[in-house]
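# Observations on the model geometry
One letter stands for each residue in the lines below.
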Amino acid sequence: MHRSLLPRLLLSLSLLHAAAAAAAIPERFIAEYAQAHDFSGTLLVRQRGQPDYRRSFGLAQRAFAAPNAADTRYKIASITKLFTAVLVLQAHEQGRLDLDASIGRYLPDYRGPARDRVELRQLLNHTSGLSNFDQVKTAEQALREGLPPYQKPYTSQQLLDRFCSGALVHAPGKVFDYNNGDYVILGKILERAYGRSYEQILRERILDPLGLRDTGVLRSQALVARLADTYYHLEPGGPLRRDPPMYPENWYAAGALYSSADDTLAFAEALFGGRLLRPESLALMLSPGLDHYGYGLWSYTVQSADGAHRIARRPGAIAGAQAQLYRDLDAELTVVILANTDSVDLDEFAAQIGQRATAP
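The shown structure was predicted, so the numbers you read here are calculated from the model rather than taken from an experiment.

## A short note on the overall build of the protein chain
Counting secondary structure elements, the protein chain contains 13 helices and 13 strands. Taken over the C-alpha trace, the protein chain has a radius of gyration of 21 Å; the compact-globule value for 360 residues is 21 Å, and the two agree within 12%. Dimensions along the principal axes, computed over C-alpha positions, put the protein chain at roughly 75 × 50 × 35 Å. By the burial criterion, 51% of the 360 residues in the protein chain qualify as buried. Partitioning the intrachain contacts of the protein chain with sequence separation of at least 6 by distance along the chain shows that 66% fall at a separation of at least 24. Surface summary for the protein chain: the accessible area is close to 16100 Å², and the carbon and sulfur share equals 52%. Of the charged side chains in the protein chain, 39 are positive and 39 negative, and the gap between their average positions amounts to 4 Å.

## Some details on the pattern of salt bridges
A complete count under the given rule lists 22 salt bridges for this structure. Here Asp208 and Arg203 are joined by a salt bridge, their closest N and O atoms 3.7 Å apart. Here Arg213 and Asp208 are joined by a salt bridge, their closest N and O atoms 3.4 Å apart. Among the charged side chains, a salt-bridge network with shared partners connects Arg46, Asp52, Arg54, Asp262, Glu269 and Arg327.

## Here we look at the packing of aromatic side chains
Summed over all chains, the structure comprises 15 aromatic pairs. Considering the side-chain rings of Phe83 and Phe267, the 3.8 Å spacing of their centres and the 10° angle between planes classify their relative orientation as stacked. Note that Phe83 is positioned in helix H3 (residues 79–93) and Phe267 in helix H11 (residues 261–272), a separation of 184 residues in sequence. With respect to class, Phe83 is no different from Phe267; both count as buried. One aromatic cluster is present, formed by Phe29, Tyr33, Phe39, Phe57 and Phe349 through successive ring pairs. Its end group placed over the ring of Trp298, Arg313 keeps NZ or CZ at 5.5 Å from the ring centre. Across from the ring centre of Phe29, 4.0 Å away, lies the NZ or CZ of Arg356, which sits over that ring.

## Here's the deal with the nonpolar core
Buried together is how nonpolar side chains tend to be arranged in soluble globular proteins. The biggest cluster of nonpolar side chains holds 81 residues, and the ones touching the most others in it are Phe83, Ile185, Leu271 and Met285. Apart from residues lying up to four places away in sequence, Met285 is in contact with Leu82, Ala85, Val86, Leu89, Leu271, Leu277, Gly294, Tyr295 and Leu297.

## Points about the pairing of strand E13 (residues 333–339)
Where a strand is regular, its side chains alternate between the two sheet faces. Burial within E13 is extensive, with seven of its seven residues counted as buried. What you see with E13 is no split at all: Leu333, Val335, Ile337 and Ala339 on one side and Thr334, Val336 and Leu338 on the other are buried throughout. Two elements, strand E1 (residues 41–47) and E13, share seven bridges in a ladder whose sense is antiparallel. In the strand pairing of E13, Leu44 is matched with Val336. In the sheet, strand E12 (residues 321–328) pairs with E13 via seven bridges, with the strands oriented antiparallel. By the bridge assignment for E13, Leu325 is matched with Val336. Between E12 and E13, which pair antiparallel in sequence order, lie four residues; one of them, Glu332, sits at a positive phi of approximately 55°.

## Details of the environment of Arg96
Among the secondary structure elements, Arg96 is positioned in the loop between H3 and helix H4 (103–106). Sequence separation between Arg96 and Ala261 is 165 residues; the distance between their C-alpha atoms is 32 Å. Apart from residues lying up to four places away in sequence, Arg96 is in contact with Ala91, Tyr106, Ala193 and Tyr194. Within the structure, the side chain of Arg96 is placed 2.9 Å from the side chain of Gln94, a separation counted as a polar contact.

## Considering the sheet that holds strand E2 (residues 53–57)
An order of E2-E1-E13-E12-E11-E10 is seen for the six strands of this open sheet, with the pairing classed as antiparallel. Bordering the open sheet on either side are E2 and strand E10 (298–304), each of which pairs with just one other strand. Averaged over neighbouring strand pairs, the angle between their axes works out to 15° when direction is ignored. Sheet topology places E1 next to E2; five bridges connect them, and they run antiparallel. Across the sheet, Gly41 pairs through a bridge with Phe57, a residue of E2. Running at roughly 150° to E13, helix H13 (residues 346–357) makes contact with E1, strand E11 (307–318), E12 and E13 of the sheet.

## Describing the pairing of E11
Strand direction decides the pairing type here: E10 and E11, joined by seven bridges, are antiparallel. Counterpart to Thr301 in the pairing with E11 is Arg310. Judged from the eight bridges that link them, E11 and E12 form a sheet pairing that is antiparallel. In the strand pairing of E12, Ala312 is matched with Arg327. Adjacent in sequence and paired antiparallel, E11 and E12 are bridged by two residues, among which Ala319 carries a positive phi angle near 55°.

## Things to note about the sheet that holds strand E6 (residues 216–217)
Hydrogen bonds along the backbone pair up the strands of a sheet, which may run parallel or antiparallel. Spatial ordering of the open sheet is given by E5-E9-E6, a layout of three strands whose pairing is antiparallel. The outermost strands of the open sheet, each flanked by one partner alone, are strand E5 (73–75) and E6. Pairing of E6 with strand E9 (residues 257–260) involves two bridges; the strand directions are antiparallel. Paired with Gly216 across the strands is Tyr258, a residue of E9.

Scoring rules and cut-offs
Residues numbered from 1 in each chain as written. Predicted model: local features only at pLDDT ≥ 70, side-chain atom pairs only at ≥ 80, totals over all residues. Heavy atoms only, no water. Helix = DSSP H or I, 4+ residues; strand = E, 2+ residues; numbered from the N terminus. Rg over C-alpha atoms; globule rule 2.2 N^0.38 Å. Buried < 20%, exposed > 50% of the residue type's maximum accessible area, 1.4 Å probe, protein only. Contact = heavy atoms within 4.5 Å. Areas by Shrake-Rupley, 256 points an atom, 1.4 Å probe, with all protein chains shown as cover. Lys, Arg positive; Asp, Glu negative; His and termini not counted. Charge placed at Lys NZ, Arg CZ, Asp CG, Glu CD. Salt bridge = Lys/Arg side-chain N within 4 Å of Asp/Glu carboxyl O. Phe/Tyr/Trp six-rings, centres within 6.5 Å; stacked < 30°, edge-to-face > 60°. Lys NZ or Arg CZ within 6 Å of the ring centre and 35° of its normal. Core = buried A, V, L, I, M, F, W, Y, C linked by side-chain atoms within 4.5 Å. Pairing = 2+ DSSP bridges. Polar contact = N/O pair within 3.5 Å; in protein donor to acceptor, adjacent residues only side chain to side chain. Axes fitted to C-alpha atoms, helices over the stretch in contact; angles between N-to-C directions.

Shown next, in the form of structure tokens:
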């Protein structure tokens, strides 16, 4: 082949590949699924760096019929845990934290039987064995009894003392029990390790380096521009209701962040692209433990017509706030879904998009 023709041929092949990849994004399926399930939020898909699919549905504020848009900010709930896990692994890389050390090494004033028995890695993968932070399990129970950790103002230290220092109900490392308290403890450990607030560490280590201007910590007394209101169903098929009043900062390092779809995508691309963690740290994060949970996310393999695909998934849900970060590591496909109602099962929605976008 003539050498002068090679660059043009490679460019043509690249453009054909790009067109095929873009066409693989199931736009019709997304639109039909969103309409059929009354989806309200913003959805963003990126595959191998090709042009993004981005679309918003529904209303950010129902009382004023204000629509969701590309720059709408959403409560991202437990996607916060993935940010926290990154910060812990960064501190480990710097020698500030030892994942095999116990809580008491970094919080010597911590009171509770977990002090010298629970390691940082067991907090990261929810095998601490600590009694669960959340004792209220249903919306009906919440309306009847309230949400003690979230409906009174607490400092992060008070959250630690009152809700994260209880009995060990399982032997550490033996049982997976998803527990917001594990990440509250990690937030306090980060603050001691750096001598700064969780919010300052987050900004210095992730938000500012990545230019994430639409991401931050929610506070009950602070207005966040372009933040979508959140709504939930008390009963299936019933009317949407405004979320009950809560202090969002009480979710702290386990769930207090807001973000936009573009910021969440930028965070995911930096994380899985190796710009936030060393390869060995990312491998630790993605190593599935009990319940296929790694550090801050679920990690598992699915079989499809073209072979095995490694999936990393980080969902989040607080009342009407729903969020999903789905990454097909082999196809370099990222799906971000941020919603302000609980109308849609985002686990299913993201998985269906992923499967269709990578189908041969």
